[in-house]
Every structure is written in C-alpha cells, then in structure tokens.
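Structure at a glance
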Amino acid sequence: MVTIAEGVRLAGAALGAVGGALVALEFFQVPSYVSYEEEWDSYDIDIAPAEVSEHTNLGRVGGLLVSLGFALLFIGELL
C-alpha cells in the first residue's frame, strides 16, 4: 500500500515528467514571426511587436505542470 507521502511524491514526479515533455515539444515549434519561402529556399523574419507570440499554451501548461510537480515533491518530502 502506498502511503500519502509516497503518493504525493509520485504524483509530483508524474506531473513534472508530463510538464517537461510539453516544454520539450515547445522547443520544436517555429515562432509565429518566422516563415519559410520555398521558391527562394530561405526563411523570412517579419516582426510586428503587436503580433509576435513566441510561446504557445503548450509550453505555458508544461511550465505550470513542472512547477506544480516540484511543489508536490517538496510537500511529499515534508509529509
């Protein structure tokens, strides 16, 4: 049987692993201001400060899950 402290630590590790995977997926996405021109075989950068988004919700949720996972690991150690 799993004690409460072990369960909290396991849940924290699981959330951290899922969050880390989401953050890793975020690294492979192309920012919204970069576009690829096939006919010239080159990348164009078009920056308009009002329209730039470097991070998606995937990365934000991943970061939140990683921080929640660390918090649960810490609480599990205190229990």
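Residues numbered from 1 in each chain as written. Predicted model: local features only at pLDDT ≥ 70, side-chain atom pairs only at ≥ 80, totals over all residues. Heavy atoms only, no water.

Observations regarding the pattern of salt bridges
Tallied over the entire structure, the rule returns 1 salt bridge. When the shortest N-O distance is used, the salt bridge between Arg-9 and Glu-77 registers 3.7 Å. Taken as a pair, Arg-9 in helix H1 (residues 4–27) and Glu-77 in helix H2 (residues 57–78) lie far apart in primary sequence, 68 residues in all. We classify Arg-9 as partly exposed; its relative accessible area is 28%. (Salt bridge = Lys/Arg side-chain N within 4 Å of Asp/Glu carboxyl O. Helix = DSSP H or I, 4+ residues; strand = E, 2+ residues; numbered from the N terminus. Buried < 20%, exposed > 50% of the residue type's maximum accessible area, 1.4 Å probe, protein only.)

Looking at a nonpolar patch on the surface
Residues Ile-4, Phe-74, Ile-75, Leu-78 and Leu-79 make up a contiguous nonpolar surface patch of roughly 590 Å² in combined accessible area. In terms of residue count, H2 provides more of the nonpolar patch than any other element does, 3 residues in total. Within the secondary structure, Leu-79 sits in the segment after H2. (Patch = residues over 30% accessible without salt bridge, like charges linked within 9 Å, V, L, I, M, F, W, Y side chains within 5 Å. Areas by Shrake-Rupley, 256 points an atom, 1.4 Å probe, with all protein chains shown as cover.)

Structural notes on the pairing of strand S2 (residues 42–45)
Of the pairings in the sheet, the one linking strand S1 (residues 34–37) to S2 comprises 4 bridges and is antiparallel in character. Pairing of Glu-37 across the sheet is with Ser-42, part of S2. Connecting the antiparallel pair S1 and S2 is a turn made up of 4 residues, with Asp-41 showing a positive phi of about 55°. (Pairing = 2+ DSSP bridges.)

Considering the environment of Thr-56
Mapped onto the elements, Thr-56 comes out in the loop between S2 and H2. In this structure Thr-56 comes out as partly exposed when scored by relative accessible area, which is 28%. In this structure the C-alpha to C-alpha distance between Thr-56 and Ser-32, which are 24 residues apart in sequence, comes to 9.8 Å. Leave out the neighbours within four places in its chain, and Thr-56 touches Glu-26 and Gln-29. (Contact = heavy atoms within 4.5 Å.)

Focus: the environment of Gly-62
Inspection of the secondary structure puts Gly-62 in helix H2. Separated by 11 residues in sequence, Gly-62 and Glu-51 have C-alpha atoms that sit 23 Å apart. Apart from residues no more than four positions distant in its own chain, Gly-62 is found in contact with Gly-19, Leu-22 and Val-23.

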